[in-house]
Amino acid sequence: MQSRHVSLGFVRLGLLAAVVAGAERCLEDAIAPSERRNLSNTEGESYPLGIWVNQWASGELTAAMAQILIQEKLGFHVLTGKGSVTVAQIFAMAGCKTPNDGEDRGCGPAPKQTYFHVGMEGWTGSNPTYWDAIQRDFPATAPVKLGLIGYDGISGQHIMSEVLQRAEAEGLYLEFYRSYNVSLHNPGLYFDRITKVNTSDLKPCEQTMLFHPANMQNYLETTGDTEGVELVNGTLRGKCFEEYFWLPPACRLETSKCFLFLTAFGYETEVMMQRATIFHMPVVPVDVKDWDTYAKLAAEVSSLFYWWQPDPTFIGINTKMISYPPHNTSAWSRGISLSATQGIRLDKYGSRDLEVLAPTVRELIGSFSLKMDALSQLLLHQKMNGTSAMEEACTWLKGHREIWEEWLPDTTKCFPQFGLFNKATEVFVESREGDSSSLICKACPSGSFSRPLRDGKGLTSVCLSCAPGSVQSSGASTACEPCPLGEHQEDFGAASCKRCTVGSYQNVTGQSLCKTCPEKRTTVGLGAESLAECVCKAGLIEMDGQCVPCIEGLSCPIGSTVEGLLIATLPVNESDADVQGPFLLQGYNSHPGAPLTIYQCRDHCPGGSPGSCSNGRVGFTCAECPRGTFASLEGRCAQCAEGNQALWMIGVGILLFLGIFPAYVSLTQPYSPKTQLGGITASILGLLVNLVQNLLVISTAPTSWPALMLGMTNVLNVMTLNPELLGVPCVGLLDVVTVYFLRALVFPAMVGILLVTSAFSRLLPSALQGLQRCAVPRRVLRGHFVTRLFERWTWHGTACVIGKFCQVTFPTMANVGLSPMMCYKHPGGQMHSIVKYSNTFCGSSDHVLMLTTGAALLSFTAGFLVFCIWAGRRAPRLSLEGQAAVKFLFEEFRPDMAWFGVVTLSRGLFLSLPSVIVPNRPNVQLVMMHSVMLFSLVFQGYCQPWKSPAVNLVDAISQSLFLTLLGIGLGGLEQSEAAVDVLMTLGTFVCICLLLVFAVALLTFGAALLVEKLFDSALGLGRRCASLGEVPEPALIVFLLQNVASSIKRTASHRTTFTAAVDQLGTHDARMILMSLTILEMEMGLSSTRSSSMTLPGADAEFAKQLSDIAEPYRIAGGAQPRAPRTGTAVAKRRMSCQAAAFRGSLKFSLSGLSQESLAAGSVDDLGAQEPMSETLNLKDYLAQVEAEKMVRAEF
């Protein structure tokens, strides 16, 4: 019994091993020692079967019985080992080498082999911690339980019968715990005082349970007896009196009433302390130093003492166990030991490999069962006769053969969980008929169950396969389990059920097949248990009990429902999209009242649940701002601030006032084929404005665009004169038709404003118009631009300004006019919306009104384009005033490329057309836009239309980058997130490059223009920047021309040689010479006299006409200056004369040998009459003469 409280102490005993002598027999029919065998493991090792013997009387008796039967009836050699506690037994059977050593059991990392295979009377219930630890730490060798031994272990507090009788004679029944309450009785009268015991027989307090802090803490928490414990150096312990005693409260102040409770090894010391304190019992627990002294004192001293059964110590002596309240398992588990102890069921152990090594031994030990009465008789007989355990066991076995023969294994007598197995054929059989010599019992395998079979030989069991719909997974079972809900099994003898596959369910147990979900439905996973788990398949959504297809814009994973859609949220990442439930994709929206009517948005639709809009937007497509707000540059709905509209209107008015008049003055400057820095800067700004408008046009294509590009278009959208950005909705104009009408009206309204401004300029006082003079000193001419701000506007100047406005805004004007025609299809194909006004549905009354407005604007746009085409063809043949009126079309281009302005206009129109032609095919849209820009780039590269090489370069680079953006937009249609991320990074880089190109160009030419104004072109920086390099010296060119001309005039042979040399030139070189000479001719005014003054070999009327046609495109070089305004003043006439002369003869100052007198006279009619320079003048002398003439002009 000592095994039950291992923590109280261990008795170290050596391992005793002895093979019983073969000559000693107990039973007459015993197997001879020579015929006995060892065990053999899979490694080929041979060794005796090991039995671990617990060294207490009942343990030794039962182990002896098992040893005799195993040796003499089953024929195995036996090895025995001994220990005094159950814990040692458990460790020994787990394979540990020193199981009796409490400090080191010798288990190592993990035992590999055990040599003890049988253990009897194991007190597992008293050692659950050790048992569980062995099972956890050493699963390969941990022992297993082979059933109960047949009797329980019982322990408690006992009293001798003579003491009991003395008290009963006086009416006190000491077998009941209430009789020990000192407040009611004086039980100490019937017991010896505590002084009766010699303290040398006792353990001092420090060796007892009193010095175990955990036990004392439990005692204190249970009883609250602070006087019975003390805290010493931070350690809680029981309060000790006279070094050996702990006194309960019932007699702590009056020790004469105290009596003893004797125990050994600390058994039930704390239990007695709790009961003595709570029940007011004057009982003093003491721990006797050893077991023999304990037995002696219990017989000599009148006291309570601890005893358990089975044990022979007090057997035959009349004792009585004190009764306490019935056992409370819950209280005991919490450490409260006031109720009676419970009987402990005693186990038999077998090694984990015993089933393989010796299945008959396992069966024998499993069948071993002994009653408590029989064991008590054995113990009493042994005590009285003084016989050994082996002798007593042999005597009992001889006299009780009918009992133990039932324990012996019959190879064909199979118990439940087992079945008949044929060793020869290695199959389970269902009967014992015929030759049964090969039949043994074997545990039923998985997939079968054990069923009883009664035949002529008695009762046995057979193994049968589980029927379809049932399984047995563990084996060694007496029944098959039906497949649970959601599972099935169609085969016989299955060990496990199969879960219903996806798309099926089973709502009944024990079925062989699963039921299929209805059409269009499936299950989320395996093992569906009811029809309710059949949900709509992926791509479908449940509405009114039906699964309907999900249309574009919806994400419908398995199990999607309309109810789930209404509370949807966007998934955190893509992996959650298939398990989260249905939701609207980004870029789509629907109304909560009709969640399956999907609308495709162009912006501000984050997705998720129906009705979700970002940036404060509202409407089916999240395209509108609610009342009291307007769409800001950032795209969000901003609150209408007080005074916001007035500030915008004032700001726009100021910009118009500051911009119109300078624009007029700039546009009415004389045309010059030569590049000017101001013109270059204006051209680059025009390219930037055109680029922004084109970006706005392509940004409507439904694809992924770089965030930087969208941010640029949002910020620069104000350049398109969009009234929505001016806060128009804040003045109550919330109707989309009205807003669109106002946006379309901007363009004709601006034309009207320019016409009104022109009329207004004619009403200015004449005094303001006389500020400009022609003969003022050069230092005053710096204010010339300012003084012209107040002159009257001419009709041709006004026409030029209007044309320039329409030219600059033409892409936006065309796009706005086409906007009502850009109808894209919503998912489902039943509704269409306008791309830029997606809350307006195509075919509605609002759409018809917008179409009417757009058609009117397109008529105006088309008219302007037709006019530009006509003007581009007719410009060389127009009058001076006519050329001045259309100068906006060709002022930035080379004279022979006056028509190229039509190309830029057409490009803006063609970029908008794809959205009208194929609004629902973004890939086709982008390909068409890409084609337009590619043609434009190729044509621009071929023609090089701009006057400045720098502008040609900026235009080519910007168009190339624009083409790259279109390619990125086309790639943005890909669904791969990784690919789109790479493209967006590339797109951001392209946008940065675009910004850098224009920033560098504008800063460069702006700085050059500033330097030129400040230093009078002294540095020549502007000319080098405009030409992207050094500019040829004009004097050098004139000198070369003069030499060529002189050579041609000498003789006919020289002309023939020169003609042959020209014929050898490349086409491009010949064209460049022709263009340059023609421009010079126009500048010098020689074209009118060419036919009469020039004679060519073989020339005729046909050749003269051909020459005239070649020169015609260049005639605008001298024809862009209109006649002077009819002011009637001499000053105005003289200024006009000076400007016309300066424009037509800009090179004559360097080509004609003018004298200072002729320059002072200001005569321009005599310029052509001057004598040419000497043909023999060398280059050095000629350059010196040119420098001298420059000085004369500077003084003039």
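This is a predicted model, so every value here is computed, not measured.

Section: the overall build of the chain
The helix and strand tally for the chain stands at 40 helices and 36 strands. The 1196 residues of the chain split such that 46% are buried. Sequence-distant contacts in the chain: of pairs separated by 6 or more residues, those separated by 24 or more amount to 65%. Of the accessible surface of the chain, which amounts to about 57,600 Å², a share of 58% is contributed by carbon and sulfur atoms.

Topic: the pairing of strand 11 (residues 304-309)
Counting buried residues along strand 11, 5 of its 6 residues qualify, which places the element largely inside the surrounding structure. As defined by bridge partners, strand 6 (residues 144-160) adjoins strand 11 across 6 bridges and the pair is classed as antiparallel. By the bridge assignment, H158 is partnered in strand 11 with F305. In this sheet, strand 11 lies alongside strand 9 (residues 259-264) in parallel orientation, the contact comprising 2 bridges.

Topic: the UniProt feature "transmembrane region" (unreviewed entry) in the chain
Within this numbering scheme, the UniProt entry marks residues 646-665, 677-698, 733-756, 848-870 and 982-1011 as carrying the feature "transmembrane region" (unreviewed entry). Counting secondary structure, residues 677-698 comes out at 100% helix and 0% strand; the distance between its end C-alpha atoms is 32 Å. Secondary structure within residues 848-870 divides into 100% helix and 0% strand; the distance between the first and last C-alpha atoms comes to 33 Å.

Comments concerning the state of the cysteines
Per the counting criterion, the structure on display carries 16 disulfides. In this model C251 forms its disulfide with C258; the gap between the sulfur atoms is 1.8 Å. Between C251 and C258, the S-S torsion sits near 110°, and that sign places the bridge as right-handed. Taking relative accessible area as the criterion, C251 reaches 1% and is therefore assigned buried. For C991, which is in no disulfide, the shortest distance to another cysteine sulfur is to C993 and amounts to 9.2 Å.

Structural notes on the sheet that holds strand 14 (residues 418-422)
Strand order in the open sheet formed by 3 strands is 15-14-16, and the pairing between neighbours is antiparallel. The strands lining the two open edges of the sheet, one partner per strand, are strand 15 (427-428) and strand 16 (439-443). Pairing analysis gives 5 bridges linking strand 14 to strand 16, with the strands arranged antiparallel. What sits directly across from L420, in strand 16, is C441.

What to know about the nonpolar core
Counting 95 residues, the largest nonpolar core has I70, L174 and V361 as the members making the most contacts within it. Among the elements that take part in this core, helix 1 (residues 57-72) stands out by supplying 9 residues, more than any other.

Things to note about the pattern of salt bridges
Counting across every chain of the model gives 16 salt bridges. Linking K257 and E254 is a salt bridge whose minimum nitrogen-to-oxygen distance equals 3.6 Å. Relative accessible area serves as the criterion here: at 27%, K257 is assigned to the partly exposed category. Two residues, R432 and D455, come together in a salt bridge whose shortest N-O distance is 2.5 Å. Of this pair, R432 sits in the loop between strand 15 and strand 16 while D455 sits in strand 17 (residues 448-455), and the two are 23 residues apart along the sequence. Residue classification places D455 among the partly exposed residues on the basis of a relative accessible area of 26%. Each of D29, K73, R401 and E405 takes part in one network of salt bridges that share partners.

What about helix 11 (residues 372-385)?
Under the 1.5 Å per step criterion, the end-to-end length of helix 11 is 20 Å for 14 residues, consistent within 8% with the ideal 20 Å. Among all positions in helix 11, only L375, L378, L379 and Q382 are buried. One side of helix 11 holds all its buried residues, which, seen down the axis, span an arc of 95°. Facing away from the buried side of helix 11 by over 90 degrees, the exposed positions are D373, Q377 and M384. Of the surrounding elements, those touching the buried residues of helix 11 are helix 1, strand 6 and helix 12 (389-399). Just downstream of helix 11, G386 is the residue with a positive phi angle, here 70°.

Description of the packing of helix 28 (residues 922-943) against helix 29 (residues 949-971)
Packed helix pairs are characterised by how far apart their axes lie and by the angle those axes make with each other. At a closest axis distance of 10 Å, the pairing of helix 28 and helix 29 adopts a crossing angle of 165°. By the angle between their axes, helix 28 is roughly antiparallel relative to helix 29. For helix 28 against helix 29, the interelement crossing comes out left-handed. Facing N923, L926, V927, M929, H930, M933, L934, S936, L937 and Q940 of helix 28, the residues of helix 29 in contact are N952, D955, A956, Q959, S960, F962, L963, L966, G967, G969 and L970. Split into classes, the residues belonging to the contact of helix 28 with helix 29 amount to 11 nonpolar, 9 polar and 1 charged.

Describing the pairing of strand 8 (residues 235-238)
Along strand 8, the buried face is formed by L236 and G238; none of T235 and R237, which line the opposite face, is buried. The loop that links strand 7 (residues 229-232) with its antiparallel partner strand 8 comprises 2 residues; one of these, N233, has a positive phi angle of about 55°.

Quick look at unusual backbone geometry
Residue Q309 is joined to P310 through a cis peptide bond whose omega torsion reads 10°. Turning to its location among the elements, P310 is positioned in the loop between strand 11 and strand 12 (319-321). With phi around 55°, N233 is a residue other than glycine that occupies positive phi space. As for its placement among the helices and strands, N233 is situated in the loop between strand 7 and strand 8. Note on N233: relative accessible area 79%, which makes it exposed. The phi dihedral of C622 is positive, around 55°, even though this residue is not glycine. Tracing the backbone shows C622 in the loop between strand 32 (594-600) and strand 33 (629-631). Judged by its relative accessible area of 1%, C622 is buried.

Considerations on the packing of aromatic side chains
With the rule as written, the count across this model stands at 34 aromatic pairs. On the basis of an interplanar angle of 90° and a centroid distance of 6.3 Å, the ring pair of Y267 and W308 is categorised as edge-to-face. On the criterion of sequence distance, the pair formed by Y267 in the loop between strand 9 and helix 6 (269-278) and W308 in strand 11 is long-range, its members being 41 residues apart. Per residue, the accessibility class of Y267 equals that of W308, and both read buried. Ring geometry for F279 and Y324: centres 6.3 Å apart, planes at 25°, overall stacked.

Points about the confidence of the model for the chain
Parts of the model with low pLDDT should not have their predicted coordinates read in detail. When pLDDT is averaged along the chain, the result is 79; 79% of the residues meet or exceed 70. Here helix 38 (residues 1148-1151) stands out as the least confident element of the chain, with mean pLDDT 32; strand 3 (residues 49-54) is the most confident, with 95. The low-confidence segment residues 767-783, where pLDDT is below 50, has 22 contacts with residues more than four positions distant or belonging to other chains.

Quick notes on the environment of I558
Looking at the element boundaries, I558 is found in the loop between strand 29 (554-555) and helix 14 (562-566). As for I558 and P582, which are separated by 24 residues in sequence, their C-alpha atoms are 8.6 Å apart. When neighbours within four sequence positions are excluded, I558 is seen to be in contact with T522, T523, V524, V535, C536, K537 and A538.

Reading guide: rules and limits
Residues numbered from 1 in each chain as written. Predicted model: local features only at pLDDT ≥ 70, side-chain atom pairs only at ≥ 80, totals over all residues. Heavy atoms only, no water. Helix = DSSP H or I, 4+ residues; strand = E, 2+ residues; numbered from the N terminus. Buried < 20%, exposed > 50% of the residue type's maximum accessible area, 1.4 Å probe, protein only. Contact = heavy atoms within 4.5 Å. Areas by Shrake-Rupley, 256 points an atom, 1.4 Å probe, with all protein chains shown as cover. Pairing = 2+ DSSP bridges. UniProt positions renumbered as here; feature names shortened; annotations may be inferred. Disulfide = S-S within 2.5 Å. Core = buried A, V, L, I, M, F, W, Y, C linked by side-chain atoms within 4.5 Å. Salt bridge = Lys/Arg side-chain N within 4 Å of Asp/Glu carboxyl O. Expected span 1.5 Å × (residues − 1). Arc of directions from axis to C-beta. Axes fitted to C-alpha atoms, helices over the stretch in contact; angles between N-to-C directions. Parallel < 35°, antiparallel > 145°, perpendicular 65-115°, else oblique. Left-handed = near helix turned anticlockwise from the far one by under 90°. Nonpolar A, V, L, I, M, F, W, Y, C, P; charged D, E, K, R; others polar. Phe/Tyr/Trp six-rings, centres within 6.5 Å; stacked < 30°, edge-to-face > 60°. pLDDT = per-residue confidence, 0-100.

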